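# A closer look at the structure
This is what each chain is made of:
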Amino acid sequence: MIWTRKDLLGLEDLSAEEITLILDTAASLKEISERTVKKVPALRGKTVVMFFVEPSTRTRTSFELAAKRLSADTLSITASASSLQKGESLKDTVKNIEAMKVDALVIRHSSSGAPHMLAKALSPSIINAGDGSHEHPTQALLDIFTIREKKSKIKGLNVSLIGDIMHSRVARSNIWALTKLGANVTVCAPATLMPPGIEKLGIKVTTNLKEAIKGADVLNVLRIQMERQKDKFFPSIREYTMKFGVDLEKLKEAKKDVLIMHPGPINRGIELTPEVADGKYSVILEQVTNGIAVRMAVLFLLLGKKK
Amino acid sequence: MIWTRKDLLGLEDLSAEEITLILDTAASLKEISERTVKKVPALRGKTVVMFFVEPSTRTRTSFELAAKRLSADTLSITASASSLQKGESLKDTVKNIEAMKVDALVIRHSSSGAPHMLAKALSPSIINAGDGSHEHPTQALLDIFTIREKKSKIKGLNVSLIGDIMHSRVARSNIWALTKLGANVTVCAPATLMPPGIEKLGIKVTTNLKEAIKGADVLNVLRIQMERQKDKFFPSIREYTMKFGVDLEKLKEAKKDVLIMHPGPINRGIELTPEVADGKYSVILEQVTNGIAVRMAVLFLLLGKKK
Amino acid sequence: MIWTRKDLLGLEDLSAEEITLILDTAASLKEISERTVKKVPALRGKTVVMFFVEPSTRTRTSFELAAKRLSADTLSITASASSLQKGESLKDTVKNIEAMKVDALVIRHSSSGAPHMLAKALSPSIINAGDGSHEHPTQALLDIFTIREKKSKIKGLNVSLIGDIMHSRVARSNIWALTKLGANVTVCAPATLMPPGIEKLGIKVTTNLKEAIKGADVLNVLRIQMERQKDKFFPSIREYTMKFGVDLEKLKEAKKDVLIMHPGPINRGIELTPEVADGKYSVILEQVTNGIAVRMAVLFLLLGKKK
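Right, let's walk through the structure included here. (Residues numbered from 1 in each chain as written. Chains lettered and ligands numbered in written order. Predicted model: local features only at pLDDT ≥ 70, side-chain atom pairs only at ≥ 80, totals over all residues. Heavy atoms only, no water.)

A separate point is the interface of chain C and chain B. Counting from both sides, the interface comprises 23 residues of chain C and, opposite them, 24 residues of chain B. Here chain C packs against chain B, burying approximately 2300 Å² in sum over the two surfaces, 51% of which is carbon and sulfur. Where chain C touches chain B, the interface holds 4 salt bridges. A salt bridge links K38(C) to D103(B), with the nearest nitrogen and oxygen atoms 2.8 Å apart. Linking chain C with chain B are 10 residue pairs in polar contact (both at pLDDT 80 or more), by the criterion used here. (Contact = heavy atoms within 4.5 Å. Buried area = accessible area lost by both parts, 1.4 Å probe. Salt bridge = Lys/Arg side-chain N within 4 Å of Asp/Glu carboxyl O. Polar contact = N/O pair within 3.5 Å; in protein donor to acceptor, adjacent residues only side chain to side chain.)

Below is the structure:
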């Protein structure tokens with residue numbers, strides 16, 4: 001298996017073999033971040049631009065450290081600082097970045113499909129760091145990397161995604177990749193936050209948290225976007241927490257070795273109690289560590305052999 | 001010809017030989033950005049500070065990449081983040097930056113002459129990245145570099161600058177350098193945006209776009225600053241576009257090999273139609289590419305042999 | 001004397017030997033910033049994160065250059081850009097940074113004690129870059145480094161700290177370190193800006209500037225925080241300047257070789273007249289230069305031998 005794609009836009013298009021190649025590459029790169037000298041020269045003289053039209057310190061920082069540990073040069077452009085303010089279109093802005101002979105653009109954008117449009121128009125590698133409610137491929141890859149590291153496999157595992165499935169690009173990317181790799185995926189959300197027809201993706205659908213917990217090897221609990229509350233997708237935060245928040249009591253019915261995951265930042269006391277977030281099942285901080293390895297792998301595969 | 005100046009403040013003071021030295025140096029450095037490893041050690045261990053009191057992602061990014069490709073360390077300070085907010089004067093702020101033993105300060109400032117004042121007061125090299133409506137030397141240098149690359153000469157060419165000549169530092173720097181190098185310069189603007197007495201610079205002045213287009217080898221179309229509209233320098237955007245906007249129809253009277261240039265970001269449909277901006281005459285994105293080479297040349301000449 | 005601490009949280013806890021070790025290390029690293037190639041590979045492959053919850057271009061820049069001159073990778077996170085905006089707690093944010101396997105966190109925070117809390121919870125080295133009105137250890141270290149460089153000793157010198165002693169972390173850190181090293185410290189402030197009981201630290205207390213100036217080897221003049229004026233700690237800026245502002249007239253009673261210091265940025269004409277700030281006694285810009293050396297020393301001692 002050799003990597004041949006120019007871009008990483010989402011996991012929907014990737015084959016199981018391609019996903020596995022990224023995970024295997026990440027596994028071999030992970031130890032670099034444990035070294036005294038956390039740096040290899042693999043991408044020396046490459047330029048990686050972080051272009052974040054939606055703010056995200058966490059994801060941007062992770063990509064930036066991944067690039068630096070491969071010795072790439074990095075440059076960060078945020079929307080508020082960029083020419084977008086002067087009325088320049090997204091495409092004009094990135095055409096200009098391309099003309100500076102950069103090797104990769106890591107893009108976060110509020111519009112689903114923005115990275116795909118850019119990938120067609122531009123020669124540098126485009127890496128989707130989250131587009132609208134569409135995909136967030138490196139987040140799902142780090143989730144799955146963490147599961148594989150802990151459980152030594154993905155095939156046959158029961159993975160439940162819990163929370164705002166409708167608006168979650170993290171859920172969408174996880175569903176695509178987990179099903180390709182042979183996991184049994186369950187999604188659990190209030191009916192108002194469940195996209196209609198999602199069961200066609202070959203996954204189990206429930207509005208009952210108990211069902212999502214029972215027999216699960218992994219609970220990947222999504223972040224509630226408080227700002228959505230104004231649209232009244234659920235009656236109140238309190239009711240959401242009662243029905244869909246994960247606490248130690250509800251976990252009594254879980255498998256003894258269940259993994260608790262969360263893409264962060266956590267609303268403590270809402271989707272997870274602190275006891276669960278910081279408890280023995282939680283691998284949330286390991287996800288963050290693995291995020292660096294996965295993003296190093298993506299940058300390495302896309303740029304490592306590029307002219 | 002050996003470079004001897006400490007600073008690059010503007011093109012008014014430079015000789016034709018000095019300008020040519022920068023262009024020749026840029027020509028030899030341009031291919032670095034085409035390499036697999038886009039990096040040479042020329043400025044390793046030098047510190048280049050971007051000090052932008054007016055925002056500009058485009059110019060700052062270009063300088064930052066130029067510095068990184070020469071292996072310099074870079075540091076970016078923006079006005080809103082800086083001590084200027086605490087009431088510190090510009091001079092105190094830069095005196096502090098100087099005391100940190102930096103090698104160059106790339107400065108953008110809304111006041112004409114600010115870089116000159118600093119150059120006298122400070123030992124690091126000062127590079128003017130745009131001061132008020134005075135000069136923007138590296139923009140003009142990249143414009144002229146692009147013309148020379150395409151036309152193999154500057155002497156004898158007919159270059160028309162079109163738009164808000166009065167407020168444009170880009171126009172001013174281009175006029176100084178192009179006339180020194182022997183080009184025939186025409187400026188074209190509404191009468192309200194034409195600085196009185198500008199014909200004394202040895203250039204042709206017109207308010208008729210047709211005249212500026214006819215016989216021109218290069219049309220350098222300037223950006224309309226929408227924010228000036230409140231001062232009513234022209235009756236309406238629509239009228240400006242009718243009289244001074246460049247479209248395919250008006251280009252019918254141009255030379256077959258005319259070059260269309262624009263410093264960006266373009267107001268599409270106002271000063272240029274998309275067909276012109278993206279069409280066969282346009283070298284607008286090549287200007288951006290050449291901006292890196294020209295800025296590498298400036299940094300290299302100023303810092304390359306410095307103690 | 002070998003450095004054994006993980007963190008630099010304040011000078012209250014440090015022994016005279018530890019403080020001297022930092023000063024000696026800074027003295028040996030200072031010349032790196034004078035070289036043509038201002039860079040040594042000591043911290044190659046280390047990651048130093050600047051985490052500034054309160055803005056400070058000056059201190060952040062100094063730390064960033066110090067890290068780069070030791071070849072460390074740097075990453076800057078500001079509060080407004082960080083997940084703190086999304087309601088994430090400080091501890092969750094830094095736990096995430098820790099999980100990215102960084103080596104040091106340079107933190108500025110408006111709450112006294114925040115760095116101490118983090119140092120206990122985290123494995124990376126924590127460097128306090130100013131916490132509330134508690135401590136600002138590297139500022140005091142660079143002040144003392146500058147004094148030692150000029151006077152060849154600290155023991156027995158008369159050092160007066162002048163200004164808002166009550167709210168000043170700079171004053172507090174200076175008092176701890178100077179008294180440990182054997183200096184005679186005087187603090188001088190309006191009664192309303194003098195913390196009750198401060199004389200118990202073994203220092204002389206006065207509200208009379210003349211007393212603070214007479215016989216002093218060093219006047220370290222603190223910055224007046226204009227924003228405190230709303231709390232009416234002193235009747236008017238004008239009255240403050242008359243009583244506590246240092247001008248040439250008042251300096252007539254000073255020693256002939258007195259040093260004038262200020263942590264910057266200066267309110268010119270308020271705590272110092274321009275003639276004093278830029279005059280022959282002033283070592284204010286040398287403090288800035290020495291800040292790089294002191295911060296290089298701190299980073300080197302904390303990270304140089306770390307796994």
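Before going further, it helps to examine the packing of aromatic side chains. A full pass over the atoms with the stated rule returns 3 aromatic pairs over all chains. Above the ring of F63(B), the side-chain terminus of R295(B) is found at 4.9 Å from the ring centroid. (Phe/Tyr/Trp six-rings, centres within 6.5 Å; stacked < 30°, edge-to-face > 60°. Lys NZ or Arg CZ within 6 Å of the ring centre and 35° of its normal.)

Let us now look at the interface of chain A and chain C. One frequently used descriptor of interface size is the decrease in accessible area upon assembly of the parts. Of the residues lining the interface, 23 residues belong to chain A; the matching set on chain C comes to 24 residues. Of the roughly 2300 Å² buried at the junction of chain A and chain C (both faces included), carbon and sulfur atoms supply 51%. Between chain A and chain C we count 4 salt bridges in total. The salt bridge partner of D73(C) is K39(A), with a shortest N-O separation of 2.8 Å. For the pair chain A and chain C, the interface holds 10 residue pairs in polar contact (both at pLDDT 80 or more). The set of elements that each furnish at least two residues to the side of chain A that touches chain C consists of helix 2 (57-69) and helix 11 (284-303) of chain A. With 9 residues, the single largest contributor to the side of chain A that touches chain C is helix 2 of chain A. Along the lines of polarity and charge, the residues of the side of chain A that touches chain C split into 6 nonpolar, 6 polar and 11 charged. (Helix = DSSP H or I, 4+ residues; strand = E, 2+ residues; numbered from the N terminus. Nonpolar A, V, L, I, M, F, W, Y, C, P; charged D, E, K, R; others polar.)

To continue, consider the pattern of salt bridges. By the definition in use, this model includes 60 salt bridges over all chains. We note a salt bridge from R5(A) to E18(A), for which the minimum N-O separation is 2.7 Å. Here R5(A) is found in the segment before helix 1 (16-29), whereas its partner E18(A) is found in helix 1, with 13 residues between them in sequence. Exposure remark for R5(A): the relative accessible area of 31% places this residue in the partly exposed category. In this structure, the salt-bridge partner of K150(B) is E286(B), at a minimum N-O distance of 2.6 Å. You can see K150(B) sitting in helix 5 (residues 137-151) and its partner E286(B) sitting in helix 11 (residues 284-303), a full 136 residues away along the chain. Several salt bridges converge on common partners, so that one network encompasses R60(A), E64(A) and K68(A). (Buried < 20%, exposed > 50% of the residue type's maximum accessible area, 1.4 Å probe, protein only.)

Moving on: the sheet that holds strand 8 (residues 218-221) of chain A. Residues and elements named next belong to chain A. An order of 7-6-5-8-9 is seen for the 5 strands of this open sheet, with the pairing classed as parallel. Each edge of the sheet is formed by a strand with only one pairing partner; in this case those strands are strand 7 (204-206) and strand 9 (259-261). For this sheet the average axis-to-axis angle between neighbouring strands, irrespective of direction, equals 20°. Here 3 bridges tie strand 6 (residues 184-188) to strand 7, and the two strands are oriented parallel to one another. Directly across from C188, in strand 7, lies its bridge partner T206. Where helix 5 (residues 137-151) meets the sheet, its contacts fall on strand 5 (158-162), strand 8 and strand 9, and the angle it forms with strand 9 comes to roughly 165°. (Pairing = 2+ DSSP bridges. Axes fitted to C-alpha atoms, helices over the stretch in contact; angles between N-to-C directions.)

Mapping chain C onto chain B is achieved by rotating through 120° and translating by 0.0 Å along the same axis, at an RMSD of 0.0 Å. Within this description, the copies of the chain are treated as partners about a three-fold rotation axis. (Least-squares fit on C-alpha atoms with pLDDT ≥ 70 in both.)

A few words now on the packing of helix 3 (residues 90-99) of chain B against helix 4 (residues 114-121) of chain B. All names here are of chain B. Running from N to C, helix 3 and helix 4 point in directions that differ by 45°, and their axes come no closer than 11 Å. As judged from the angle between their axes, helix 3 and helix 4 are oblique. Handedness of the helix 3/helix 4 crossing: right-handed. Contacts from L90, K91, V94, K95 and E98 of helix 3 reach helix 4 at A114, M117, L118 and A121. Classifying every residue of the contact of helix 3 with helix 4 gives 6 nonpolar, no polar and 3 charged. (Parallel < 35°, antiparallel > 145°, perpendicular 65-115°, else oblique. Left-handed = near helix turned anticlockwise from the far one by under 90°.)

Pairing within the open sheet is parallel, and its 4 strands lie in the order 2-1-3-4 (chain B). A strand with exactly one partner marks an edge of an open sheet, and here the two such strands are strand 2 (73-78) and strand 4 (125-131) of chain B. Across this sheet, the average inter-strand angle for adjacent strands is 15°, counted without regard to direction. Pairing of strand 1 (residues 47-52) of chain B with strand 2 of chain B involves 6 bridges; the strand directions are parallel. Each residue of the ladder has a partner; that of V48(B), found in strand 2 of chain B, is T74(B). Contacts between helix 2 (residues 57-69) of chain B and the sheet are confined to strand 1, strand 2, strand 3 (104-109) and strand 4 of chain B, with strand 1 of chain B contributing the most and set at about 180° to the helix. Contacting strand 1 and strand 2 of chain B, helix 2 (residues 57-69) of chain C crosses the sheet at an angle of about 175° to strand 2 of chain B.

What follows concerns the environment of D24(B). Residue and element names in this part refer to chain B. Within the element layout of this structure, D24 appears in helix 1 (residues 16-29). Exposure remark for D24: the relative accessible area of 39% places this residue in the partly exposed category. Sequence separation between D24 and L157 is 133 residues; the distance between their C-alpha atoms is 19 Å.

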